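# Survey of secondary and tertiary structure
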Amino acid sequence: MTMTYIDKTTRPGGTLRRRMARLTTDLWLPAAVVVLTLAVASVRPQILDAGNIAAVLKSFSVMAVMVLGLTWVIAAGKIDVSFMQVAALANMLCAWSLAQGWGWGAAIGAALAAGLVVGVVNGLLVSAMRLPALIVTISTAGICASIAAALGKGTVIRIEAPGPLAPLLDPVLGGAVPPVVVPVLLIAALAWFVQERLAMGRYIYAMAQNEAAVRSVGVPVVGLGVLLFALSGVSAAAAGVLLAEHLASGQPMIGGPYLINGLTVVLLGGMMVRVGKPNILGTLTATLFIGVLFSGTALLGLPDYQRQIIQGALLLIGLAVATLAARHHGAGGHADGA
Amino acid sequence: MSRLNDHFRGAARVLGFVALVLGVGAVFALIEPRFLSHASLNGIARHMAANGLAALGLTFVVIVRKFDLSIAGIAAFAAMSMGALIAAGLPLWAAIMGGLALGAVLGAVSGIAISYFELPDIVTTIAVGSICGGLAFLYTGGRSIFQNFFQSGITDLNDARLLGLGVSLWILLAVYAAAWFVMSRTRTGMAFYATGENPIAAHFSGIATRRFVALAYVLCALCTVLAVLLILAESGNAETNKGANLMMPAYAGVFLGAAVMGGTSVVATFGGILLITMLLDGFALMGVPYYYSDGVVSLILLGGVIAFSDSLREWITGLGLLRPRAARKSENRA
């Protein structure tokens with residue numbers, strides 16, 4: 001709801017109770033990250049080792065880049081289930097181009113261009129032709145996965161020479177912080193500005209409420225839809241490029257697990273700051289939370305499938321809370337606004 | 001008069017579909033003569049039985065205008081559960097009943113969460129699917145289950161024949177016939193369609209819309225369990241990745257059928273899944289690598305949905321001059 005936002009600017013007073021509620025919705029997820037970290041650290045102090053922090057921040061960066069665009073697609077009331085296969089395609093395309101003897105620049109360009117093309121195709125089919133977003137993106141995901149596998153004939157392509165992004169992944173500051181975190185946070189800050197301060201951000205959330213109404217007040221809904229899917233494609237492709245550098249290889253099957261991870265992050269994040277609305281700050285915090293959770297379960301020696309169950313349950317609980325909260329906020333918001 | 005027109009149009013669509021299936025069959029038979037061999041046709045019938053059951057389940061969910069992405073996860077969990085029951089020495093029917101009961105519970109979880117608690121369908125089913133995918137590892141930690149499989153008689157579902165056709169095909173036909181009867185000849189079927197078309201209107205017409213949405217998910221899970229049962233019967237063991245290849249063909253079958261036939265229905269899904277299975281088996285026979293199959297199915301699905309979409313039709317008729325003549329022609333024909 002935009003109501004909470006209006007509250008802050010037009011009624012700076014507000015009761016203590018409301019300010020506490022506000023603080024709770026803003027800070028519960030960061031608090032959960034801290035609590036989880038401390039809980040794991042009390043049993044396995046290794047989680048705070050420099051090497052482990054660096055690993056968590058690296059996977060945080062890849063994941064955050066991958067779902068930045070997805071956050072807005074879901075915020076606009078659409079769905080994109082092709083992002084993880086776009087990342088896999090970009091990852092393989094990067095490795096394949098290098099194996100063909102292209103330079104890193106050309107390889108990265110090709111990977112990002114592929115992401116852009118898939119995103120624009122998704123956007124045109126969903127926004128201009130008004131086909132169901134799930135069917136369109138499920139199909140493009142299948143096509144991307146097939147092309148990714150075909151590029152390496154079903155196997156991994158190794159990358160021999162480290163590329164220009166390698167220093168970004170090399171931890172500094174006592175080996176705890178990979179520099180890639182800085183550009184990722186800068187891009188996220190820019191996205192947060194666009195989402196909170198520019199008209200485009202308003203339109204995204206308005207689209208989720210009533211697309212016909214937004215269209216009839218003169219917002220170019222089709223163009224905006226194409227832009228959102230294109231951004232999702234490009235950001236997923238950028239994550240694929242980072243993965244190529246990080247893993248020094250193209251992995252055709254890398255996409256699969258990211259589907260549930262990406263959706264969990266976006267929806268869990270959607271319960272922070274703006275309850276029931278996916279947003280950039282929430283996505284970043286939730287990405288960090290999932291990163292700590294993965295690292296923690298790995299350190300505690302839980303097998304992969306148990307983590308999968310925990311994560312699915314988390315997503316389900318998150319959804320339930322977000323849906324119930326959105327219903328309450330919805331009712332309260334209208335009363336406030338009137 | 002308009003009823004007659006509708007009948008004509010319906011018949012024309014069915015004929016078009018039959019022509020498409022025959023055309024695809026003819027092309028494959030020309031490129032690869034083995035396509036029409038006994039073994040190949042048997043294979044198509046078997047694969048169609050499994051794919052068709054999964055697609056039928058999805059049809060119910062799509063008719064109430066929802067999606068289900070938990071098919072793969074539920075299939076994996078049900079496969080391992082039925083495998084574990086068989087390995088524990090239970091008779092086959094008990095294992096199947098156990099699998100169906102599990103499927104009903106899992107479908108009810110998604111269905112109730114989506115209908116009564118109004119959670120978003122896509123993400124809820126992804127979450128339930130993920131949990132099920134993890135639970136599938138509980139029995140053996142991911143190892144294959146094969147004990148007692150041959151003694152239990154489960155492979156008969158794949159090998160035995162009745163009146164010249166495989167048992168699995170009879171199961172498929174029986175389930176489809178029952179589904180067709182309920183969906184197009186009873187009040188219950190109409191209620192499903194009404195819930196999908198306009199839930200508010202359906203609600204005020206005295207239809208318990210939430211119950212039908214939940215029921216659609218239960219039916220989908222039950223069909224998924226039957227589908228994976230046939231896959232277990234074919235392979236003679238249970239593994240956690242059984243059913244991973246059920247979802248894409250199911251989606252393609254439902255939406256391709258709906259696109260060609262002009263609406264989601266049991267008959268449309270049957271046609272769609274027949275076409276998809278022919279294409280998949282045909283390509284496999286021609287030696288197309290496995291990793292292309294998902295891409296091919298996706299491409300066909302996307303192509304079908306685009307080719308039969310409203311906006312493309314509007315765009316083509318919007319091209320101008322063609323429209324009046326085409327309209328007159330169709331009037332003359334009618």
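In this text, all values refer to a predicted model and were calculated from it rather than measured experimentally. Position labels on residues start from 1 in each chain and follow its written sequence. All chains are assigned letters beginning at A, and all ligands numbers beginning at 1, according to the order in which they are written. Predicted model: local features are reported for residues with pLDDT of at least 70 only, side-chain atom pairs are reported and counted for 80 or more only, and whole-chain, interface and lining totals are derived from all residues. Processing note: side-chain calculations cover all non-hydrogen atoms of the structure and skip hydrogens and water entirely.

### With respect to the overall build of chain A
Under the scheme used here, helices are H or I runs from DSSP no shorter than 4 residues and strands are E runs no shorter than 2 residues, and both carry numbers assigned from the N terminus. Counting its secondary structure elements, chain A contains 14 helices and two strands. Taken over C-alpha atoms, the radius of gyration is set against a globule rule of 2.2 Å times the number of residues to the power 0.38. Its C-alpha atoms give chain A a radius of gyration of 20 Å, near enough to 20 Å, the size a compact globule of 338 residues would have. Taken along its principal axes, the extent of the C-alpha atoms in chain A is 65 × 55 × 35 Å. Here's how the labels work: a residue is buried when its accessible area is under 20% of the maximum for its type, exposed when over 50%, partly exposed in between, all with a 1.4 Å probe on protein chains only. For chain A, the proportion of its 338 residues judged to be buried stands at 54%. Intrachain contacts of chain A at a sequence separation of at least 6 include 76% that bridge at least 24 residues. Surface accessibility in these figures is a Shrake-Rupley result with a 1.4 Å probe; residues are shielded only by whichever protein chains are displayed. When the accessible surface of chain A is totalled, it reaches about 14000 Å², and 71% of it is carbon and sulfur. Side-chain charges in chain A split into 19 positive and 11 negative, and the spacing between the mean points of these groups amounts to 10 Å. Whether two residues are in contact is decided by their heavy atoms, any of which lying within 4.5 Å being enough. For the purpose of charge, His is not counted, nor are the chain termini; Lys and Arg are scored as positive and Asp and Glu as negative. A single reference atom marks each charge: NZ on Lys, CZ on Arg, CG on Asp, CD on Glu.

### Concerning unusual backbone geometry
Although it is not a glycine, Arg130(A) sits at a positive phi angle of roughly 55°. Tracing the backbone shows Arg130(A) in the loop between α5 (104–128) and α6 (133–151). Phi at Arg65(B) is positive, roughly 60°, even though this residue is not glycine. Inspection of the secondary structure assignment puts Arg65(B) in the loop between α2 (38–63) and α3 (71–87).

### A few points about a nonpolar patch on the surface
Within the patch definition used here, like charges are joined within 9 Å and nonpolar side chains (Val, Leu, Ile, Met, Phe, Trp, Tyr) within 5 Å, considering only residues with over 30% relative accessible area and no salt bridge. The term salt bridge refers to a side-chain nitrogen of Lys or Arg lying within 4 Å of a carboxyl oxygen of Asp or Glu. On the surface, a nonpolar cluster with roughly 470 Å² of combined accessible area is contributed by Leu162(B), Leu163(B), Leu165(B), Trp170(B) and Leu173(B). When you line up the elements, Leu173(B) lands in helix α8 (residues 167–185).

### Notes on the interface of chain B and chain A
At the interface, 37 residues of chain B touch 33 residues of chain A. Each of two parts loses accessible area, computed with a 1.4 Å probe, when they are put together; buried area is these two losses added. Interface of chain B and chain A: buried area, both sides summed, is about 3000 Å²; carbon and sulfur atoms make up 81% of it. If you sort the residues of chain B by the area they bury against chain A, Val123(B), Tyr291(B) and Leu302(B) come out on top, with a joint share of 19%. Between the two partners, chain B and chain A, sit zero salt bridges. Under this definition, polar contacts are N or O atom pairs within 3.5 Å; protein pairs additionally need one hydrogen-donor-capable and one acceptor-capable atom, and for neighbouring residues in sequence, both atoms have to be side-chain atoms. At the boundary of chain B and chain A, one finds four residue pairs in polar contact (both at pLDDT 80 or more). Of all elements in the fold, only α5 (121–135), α12 (247–261), α14 (293–307) and α15 (310–318) of chain B reach the threshold of two or more residues within the side of chain B that touches chain A. Considering only residue class, the side of chain B that touches chain A consists of 27 nonpolar, eight polar and two charged. Under the scheme applied here, ten amino acids are nonpolar (Ala, Val, Leu, Ile, Met, Phe, Trp, Tyr, Cys and Pro), four are charged (Asp, Glu, Lys and Arg), and all others, including Gly, are polar.

### Quick notes on the side chain of Lys58(A)
You can see Lys58(A) is positioned in helix α3 (residues 50–75). Those residues in contact with Lys58(A) that sit more than four places away from it in its chain are Leu169(A), Pro178(A) and His246(A).

### Here's the deal with the pattern of salt bridges
Residue and element names in this part refer to chain A. For the structure on display, the rule yields eight salt bridges over all chains. In this structure, Arg215 and Glu211 form a salt bridge, with 3.5 Å as the shortest nitrogen-oxygen distance. Of this pair, Arg215 and Glu211 are both found in helix α10 (residues 211–216), four residues apart, which corresponds to roughly one turn of the helix. According to the relative accessible area criterion, Arg215 is partly exposed, its value standing at 34%.

### What about the confidence of the model for chain A?
Residue and element names in this part refer to chain A. On a range of 0 to 100, pLDDT expresses the predictor's confidence in each residue. Summary statistics for chain A give a mean pLDDT of 82 and a share of 91% for residues scoring 70 or more. Long-range and interchain partners of residues 1–12, a stretch whose pLDDT sits below 50, account for 19 contacts in this model, where long-range means more than four residues apart. Within the model, pLDDT remains below 50 along residues 331–338, and this stretch shows five contacts once partners closer than five positions in the same chain are excluded.

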